[in-house]
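# Overview (structure and organization)
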Amino acid sequence: MPLANGYGVVIGTKHDYYRDPPDNFGRYYHGNLVVHAPLGNYHCAIDVDPKSMPDGIQWRIVTLRPADVASLKALPDGWHPLASTPTSGALDYPRSPVLHPPIMIYTVRHDSCLSRLLGWIRWNPPWNSGTGFQALTDLEGILTQGVRFYVFGEPFSTGLGVHNVHQNQGDPVGGGHDTENAIWQDGATIAETADGRFLAFLNKFKTQSFRTDNAGRPT
């Protein structure tokens with residue numbers, strides 16, 4: 001089933017950023033990015049709760065090609081609801097072409113197999129596994145470079161904000177969040193830098209599968 005309150009992206013500048021206080025075991029649950037937009041400040045809760053696993057967070061930072069996000073960049077600041085379809089601008093970690101630039105752009109006749117592999121890894125980095133502390137450290141590395149931000153997820157039911165800023169599919173059946181499994185509704189944090197680069201922080205829980213069926217269920 002899709003997210004209960006819908007799905008979309010908030011766009012704006014950074015008003016503030018802070019971490020949740022760590023628990024008694026030093027674990028962080030959210031990085032909180034406050035995005036300023038015309039209607040006010042949106043609290044964006046980027047979830048890195050390790051779910052009682054010492055290395056229960058997985059994340060990667062993907063450099064997006066500007067041409068692939070031109071329609072996103074053209075949107076005005078503010079909240080934009082998105083249909084959970086491939087053509088609306090919604091994100092899907094396994095399926096979005098924008099998150100997996102085709103390897104063919106690197107395959108010219110004189111390229112070696114190694115150079116093609118290195119080119120693919122550059123645009124499709126492997127998932128890191130670790131703690132919320134480690135994930136937030138990498139997130140903060142791109143936030144410091146950003147001048148405009150695009151945060152995908154589910155809007156708060158009351159007040160201005162976005163949560164479920166993480167993969168929203170692949171949760172195991174009976175795991176407590178499987179009722180929200182669906183495709184084309186994944187959360188993410190994208191920072192646009194002053195020199196025109198787009199850096200996407202993608203985050204998921206180790207319990208979530210990266211392979212899903214058309215209903216977002218793990219396969």
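Conventions used here
Residues numbered from 1 in each chain as written. Predicted model: local features only at pLDDT ≥ 70, side-chain atom pairs only at ≥ 80, totals over all residues. Heavy atoms only, no water. Phe/Tyr/Trp six-rings, centres within 6.5 Å; stacked < 30°, edge-to-face > 60°. Helix = DSSP H or I, 4+ residues; strand = E, 2+ residues; numbered from the N terminus. Buried < 20%, exposed > 50% of the residue type's maximum accessible area, 1.4 Å probe, protein only. pLDDT = per-residue confidence, 0-100. Contact = heavy atoms within 4.5 Å. Core = buried A, V, L, I, M, F, W, Y, C linked by side-chain atoms within 4.5 Å.

## Points about the packing of aromatic side chains
What the rule picks out here adds up to three aromatic pairs. Ring plane angle 35° and centroid distance 5.9 Å describe the contact between Tyr93 and Trp127, whose orientation is recorded as tilted. In this pair, Tyr93 sits in the loop between strand S5 (78-81) and helix H2 (113-123) while Trp127 sits in the loop between H2 and strand S6 (128-130), placing the two residues 34 residues apart along the sequence. For Tyr93, a relative accessible area of 0% gives the class buried. When the ring of Tyr150 is compared with that of Phe198, the centres are 6.2 Å apart and the planes differ by 50°; the resulting orientation is tilted. With Tyr150 in strand S7 (residues 146-155) and Phe198 in strand S10 (residues 198-205), the pair connects residues that are 48 residues apart, well separated along the chain.

## Considerations on the confidence of the model for the chain
Residues of the chain with pLDDT of at least 70 account for 87%, and the chain-wide mean is 89. Across residues 104-109, confidence stays below pLDDT 50; counting only partners more than four residues off in sequence or on other chains, it has seven contacts.

## Overview of the environment of Val165
Along the chain, the position of Val165 falls in the loop between strand S8 (161-163) and strand S9 (188-193). With a relative accessible area of 0%, Val165 lands in the buried category. Between the C-alpha atom of Val165 and that of Phe152, which follows or precedes it by 13 residues, the distance is 6.2 Å.

## Topic: the nonpolar core
Nonpolar side chains tend to gather and get buried jointly when the protein is soluble and globular. Residues Val10, Leu33, Cys44, Leu139, Val151 and Phe201 are the most contacted members of the largest nonpolar core, which totals 25 residues. Contributions of two or more residues to this core are made by strand S1 (8-19), strand S2 (30-37), strand S3 (40-47), strand S4 (57-64), helix H3 (132-143), S7 and S10. The greatest single-element share of this core, amounting to five residues, is contributed by H3. Apart from the residues lying within four places of it in its own chain, the contact partners of Val10 are Val35, Tyr42, Cys44, Gly78, Trp79, Phe149, Tyr150, Val151 and Val162. Judged by nonpolar contacts, the second largest core, of 23 residues, contains Leu64, Leu72, Leu82 and Ala188.

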